[in-house]
Amino acid sequence: MKHRTATIVITALLAAMPASAQEPVIRYQDLRHPVFGPAGMVAAQNAIAAEVGADILAGGGNAVDAAVAVGFALAVTLPRAGNIGGGGFMLVYDADHDRSVAIDYREMAPAGATRDMFLDADGNVDQNLSRFSHLSAGVPGTVAGLWLAHERFGRLPWRRLLEPAIRLAHDGFPVNHDLAGLLTFRQERLCRQAAACAYLYKQGGEPYRAGELLVQTDLAETLELIAEDGPDAFYRGRIAEQIVSEMQRGGGLIDAESLAAYRAVLREPVVGSYRGVDIVTMPPPSSGGVHLVQMLNVLERFDVAAMGAGSADALHLLAEAARLAFADRSKHLGDPDYFDVPVDWLVGKEYGAMLAGRIDMGRATPSAEVAPGVAPRAESEDTTHYSVIDADGNVVSNTYTLNFSFGSGIAVAGAGFFLNNEMDDFVAKPGVPNAFGLLGGEANAIETGKRPLSSMTPTIVFRGGEPWFATGSPGGSRIITTVLQMIVNVIDHDMNIAEASAAPRMHHQWHPDRLQLEDGFSPDTIRILETRGHEIASSQFSMGSLQTVSLRDGVFRGASDPRRPNAASIAPRAAVADD
Ligand code: DON
């Protein structure tokens, strides 16, 4: 694959930025040369936030310090997905101890949540309730997750990590074209609630134009409280009170006890291997890591390199592997604290070989003929991913989200931030797909205290025991196949991380039974796939947005997916190499 396009990220950073970042920064990332530097790298969906992370690295912070600061900065500069009202998953590689740890800060169903809470009187799913009401919000996990990462692995003081976000919220940042367009598009939904409308629009609900400053005073105050009192401010103090009042106003369930009971959890990552390379990725309650490793085990039985990138054979194989994995997802995956998830069996080489044996390279297996395996007993957008690596080889791969763009569309009045609508990731009713078309059953039924099943797949790939690259993406169910294709493109098709991010992508998820393709595949290939029985659907929107950093031969590289604007991979300023 040799695209000639170049992604040019031009970021004009105004006075609101840290002192060291006051000149305009111009970054070129072309497909032959990912951004590179000798002392670390940050890749994120928003250039201002990426610059905050690079600045933390340059100021003596490690990858976790940078990741925490980027997490808070994105809550200001990428309000559609960056958040403190949502949750996510962070993977940390601690180079000193040569150890990887997963931090689960997924949202949690509050007290009073019940299996049928989103069904109407006729027993049908009320999607407005599960996606856009106060009931759609789970107990947010982001503040607890970032704090846990800081406590365990951080080097710099907590306040220092929040300062850039506080400044950006208080002084404002220039709205880019992407955000201006999205705010115009979402005006009706976001202005249903006075607080949400006031936070993101001018008086009277008029959208900001590109270049105008978005000032978020209430959010600045909220971040200041978190800087001062840590997570207690959010889970027990004034912010908790504001969340509970918001819930009482709108008929939501999150109460003081549910907030006080929230914990971010340290978990053992899922570990697999692919052609001799180690894959370290997220365990349940995300399904992402399990199915990533499961699909790689299937692919490993085939000569994918010889098939060629984008070939009908390669796409057919990926689709069949994904079909099998998503069938298993519907039955076996859920919150491991509430449901016995057969992880070892699903990620085992033996099961992968068995699944590989079921793939017919000449024919698409209709999904109706594929059922989840039997374990041996015993719309919308948006999420965001960022990856950080520091000069000592510590790595963070973090995906977090509000679920949809701006989550439920409901802001906490007085506190300046949006609440997730992650409760829609549970199964509202067996057989009825969620917003991403995903099916499920008992394993992912709603229960108080339980965490909804996710597809988020922050991943770190190791070679010879050393971190090689860290990657992840938004995209709902497509996250898993997006990360899969990144790994296959790099390992089998020998692409660099920028080429591997840009290559056109496919997706299959068992149901609906169709192979979704981005633009950019040849009509010849598509005809061959149709002959094998695939129903082809255009993906309509681009799939995912990978944010990847890598380390090879002492050089740090970064690649931000060209699919969405304003992303950037930035090396710490002091150490930017000539390129
Ligand atoms: O956890 C999940 O799988 C979903 N809530 C992610 C949503 C998402 O990626 C939307 N963005 N594109």
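Just so it is clear, the structure is predicted and the values come from calculations on it, not from any experiment.

Visitor: Give me the state of the cysteines: which residues, what numbers.
Guide: One pass over the full model with this rule turns up 1 disulfide. Between Cys-191 and Cys-197 runs a disulfide, and the two sulfur atoms are separated by 2.1 Å. Handedness of the Cys-191-Cys-197 disulfide follows from its S-S torsion of about 70 degrees: it is right-handed.

Visitor: Summarise the side chain of Ser-477; cite the residues concerned and give the values.
Guide: Mapped onto the fold, Ser-477 is located in the loop between β15 (466-471) and α18 (478-491). Of the residues examined, Ser-477 reaches a relative accessible area of 4% and is grouped as buried. Apart from the residues within four sequence positions on either side, Ser-477 is in contact with Phe-326, Phe-436, Leu-438, Ser-455, His-507 and Gln-509.

Visitor: How would you explain the packing of helix α15 (residues 312-332) against helix α20 (residues 523-531) if you had to name every residue and give the values?
Guide: Remark: α15 packs on α20, axes separated minimally by 9 Å, with the N-to-C direction vectors making an angle of 50 degrees. The angle between α15 and α20 places the two elements in the oblique class. As for the relative orientation of α15 and α20, their crossing is right-handed in sense. In this structure, α15 uses Ala-312, Leu-315 and His-316 to contact α20, whose residues at the interface are Thr-525, Ile-528 and Leu-529. In terms of residue class, the contact of α15 with α20 is made up of 4 nonpolar, 2 polar and no charged.

Visitor: With reference to specific residues and values, describe the packing of helix α5 (residues 158-171) against helix α9 (residues 217-229).
Guide: Running from N to C, α5 and α9 cross one another at 170 degrees; their axes reach a closest spacing of 8 Å. When the axes of α5 and α9 are compared, the pair comes out roughly antiparallel. Residues Trp-158, Arg-159, Leu-162, Ala-165, Ile-166, Ala-169 and His-170 of α5 form the contact with α9, whose participating residues are Thr-217, Leu-219, Ala-220, Leu-223, Glu-224, Ile-226, Ala-227 and Glu-228. When its residues are assigned to classes, the contact of α5 with α9 shows 10 nonpolar, 2 polar and 3 charged.

Visitor: Quick rundown of the site of the ligand? Include the residues and the values.
Guide: Taken together, 15 residues lie near the ligand, and Thr-383, Glu-422, Asp-425, Ser-454 and Ser-455 sit nearest. Between the ligand and the protein, one listed contact pairs an oxygen atom with a side-chain N or O atom of Thr-383 at 2.5 Å. A distance of 2.7 Å is found between an oxygen atom of the ligand and a side-chain nitrogen or oxygen belonging to Ser-454. In isolation the ligand offers 340 Å² of accessible surface; the protein chains occlude 98% of this area. Considered class by class, the residues forming the shell around the ligand number 4 nonpolar, 6 polar and 5 charged.

Visitor: Give me the sheet that holds strand β10 (residues 270-274): which residues, what numbers.
Guide: What links the strands of a sheet is backbone hydrogen bonding, and the strands pair in either a parallel or an antiparallel sense. As summarised here, the arrangement of the 7 strands in space is β3-β20-β19-β15-β14-β11-β10, forming an open sheet in which the pairing is antiparallel. The two strands at the open ends of the sheet, each matched to only one other strand, are β3 (35-37) and β10. Direction aside, the axes of adjacent strands within the sheet are offset by 20 degrees on average. The sheet strands contacting α18 are β10, β11 (277-281), β14 (459-463), β15 and β19 (547-552), and the helix crosses β15 at an angle near 135 degrees.

Visitor: Explain the pattern of salt bridges to me, and be specific about the residues and the numbers.
Guide: Under the counting rule described, the total for this entry stands at 32 salt bridges. Across the salt bridge formed by Lys-202 and Glu-212, the nearest N and O atoms sit 3.0 Å from each other. Here the residue Lys-202 occupies a position in the loop between α8 (194-200) and β8 (213-214), and Glu-212 occupies one in the loop between α8 and β8, the gap between them amounting to 10 residues. Its relative accessible area of 22% is what places Lys-202 among the partly exposed residues. One salt-bridge network, in which partners are shared between bridges, spans Arg-80, Asp-178, Asp-382 and Arg-564.

Visitor: Just give me the short version of the environment of Asn-403, but keep the residues and values in it.
Guide: In this structure, Asn-403 sits in the loop between β13 (395-401) and β14. Its relative accessible area of 3% is what places Asn-403 among the buried residues. Placed 17 residues apart in sequence, Asn-403 and Asn-420 show a C-alpha to C-alpha distance of 6.1 Å.

Visitor: Break down the nonpolar core for me, with residues and values.
Guide: Judged by nonpolar contacts, the single largest core of 93 residues is most densely connected at Phe-72, Ile-84, Met-90, Leu-223, Tyr-386 and Phe-417. Ignoring sequence-local partners within four residues, the contact set of Met-90 consists of Ala-67, Val-101, Ala-102, Ile-103, Tyr-105, Leu-146, Ala-149, Met-282, Tyr-386, Val-396, Ser-397 and Asn-398.

Visitor: Lay out the packing of aromatic side chains in plain terms, naming residues and giving numbers.
Guide: We describe a pair of aromatic rings using the distance from one ring centre to the other and the angle between the two ring planes. Within the structure shown, the criterion is met by 12 aromatic pairs. Judged by centre distance (5.5 Å) and plane angle (85 degrees), the ring pair of Phe-72 and Trp-158 falls under edge-to-face. Taken together, the positions of Phe-72 in helix α2 (residues 63-77) and Trp-158 in helix α5 put the pair 86 residues apart, joining distant regions of the chain. Residue classification places Phe-72 among the buried residues on the basis of a relative accessible area of 0%. When its relative accessible area of 7% is taken as the criterion, Trp-158 is described as buried. Aromatic pair Phe-132 and Phe-404: ring centres 5.7 Å apart, planes at 65 degrees, arrangement edge-to-face. An aromatic cluster of at least three residues, connected via ring pairs, comprises Phe-234, Tyr-235, Tyr-262 and Phe-417. The aromatic ring of Trp-468 is capped on one face by Arg-463, whose charged end is 3.9 Å from the ring centroid.

Visitor: Pulling in residues and values, what's your account of the confidence of the model for the chain?
Guide: Looking at the chain, pLDDT values average 93 and 93% of them are 70 or higher. Taken together, the stretch residues 1-26 has pLDDT below 50 and engages in 56 contacts with residues farther than four places along the chain or on a different chain. Low pLDDT (under 50) marks residues 575-579, which in the prediction has 10 contacts with non-local residues, meaning those over four places away or in another chain.

Visitor: Tell me about α5, residues and numbers included.
Guide: When the terminal C-alpha atoms of α5 are compared, their 21 Å separation across 14 residues agrees well with the 20 Å that a helix rising 1.5 Å per residue should span. The largest bend along α5 reaches roughly 30 degrees and is located at Pro-164. By the burial criterion, the buried members of α5 are Trp-158, Leu-161, Leu-162, Pro-164, Ala-165, Ile-166, Leu-168 and Ala-169. Next to the buried residues of α5 lie α1 (47-58), α2, α4 (142-153), β7 (173-174), β8 and α9. Looking one or two places after α5, you find Gly-172, whose phi comes out positive at around 95 degrees.

Visitor: Give a detailed account of unusual backbone geometry, specifying residues and quantitative values.
Guide: The step from Pro-284 to Pro-285 runs through a cis peptide bond, and the omega angle for that step is 15 degrees. By secondary structure assignment, the location of Pro-285 is in the loop between β11 and α13 (288-299). Pro-512 follows His-511 through a cis peptide bond whose omega is 0 degrees. With respect to the helices and strands, the residue Pro-512 is situated in the loop between β16 (506-507) and β17 (515-517). A positive phi angle, near 45 degrees, is found at Asp-98, a position not held by glycine. Topologically, Asp-98 is positioned in the loop between β5 (87-94) and β6 (99-105). Asp-98 sits in the exposed class, given a relative accessible area of 53%. Even without being a glycine, Asp-494 presents a positive backbone phi close to 55 degrees. Position of Asp-494 relative to the elements: it lies in the loop between α18 and α19 (497-502).

What counts and what doesn't
Residues numbered from 1 in each chain as written. Predicted model: local features only at pLDDT ≥ 70, side-chain atom pairs only at ≥ 80, totals over all residues. Heavy atoms only, no water. Disulfide = S-S within 2.5 Å. Helix = DSSP H or I, 4+ residues; strand = E, 2+ residues; numbered from the N terminus. Buried < 20%, exposed > 50% of the residue type's maximum accessible area, 1.4 Å probe, protein only. Contact = heavy atoms within 4.5 Å. Axes fitted to C-alpha atoms, helices over the stretch in contact; angles between N-to-C directions. Parallel < 35°, antiparallel > 145°, perpendicular 65-115°, else oblique. Left-handed = near helix turned anticlockwise from the far one by under 90°. Nonpolar A, V, L, I, M, F, W, Y, C, P; charged D, E, K, R; others polar. Near = heavy atom within 4 Å. Polar contact = N/O pair within 3.5 Å; in protein donor to acceptor, adjacent residues only side chain to side chain. Areas by Shrake-Rupley, 256 points an atom, 1.4 Å probe, with all protein chains shown as cover. Pairing = 2+ DSSP bridges. Salt bridge = Lys/Arg side-chain N within 4 Å of Asp/Glu carboxyl O. Core = buried A, V, L, I, M, F, W, Y, C linked by side-chain atoms within 4.5 Å. Phe/Tyr/Trp six-rings, centres within 6.5 Å; stacked < 30°, edge-to-face > 60°. Lys NZ or Arg CZ within 6 Å of the ring centre and 35° of its normal. pLDDT = per-residue confidence, 0-100. Expected span 1.5 Å × (residues − 1). Bend = angle between axes of the 7 residues up to and from the residue.

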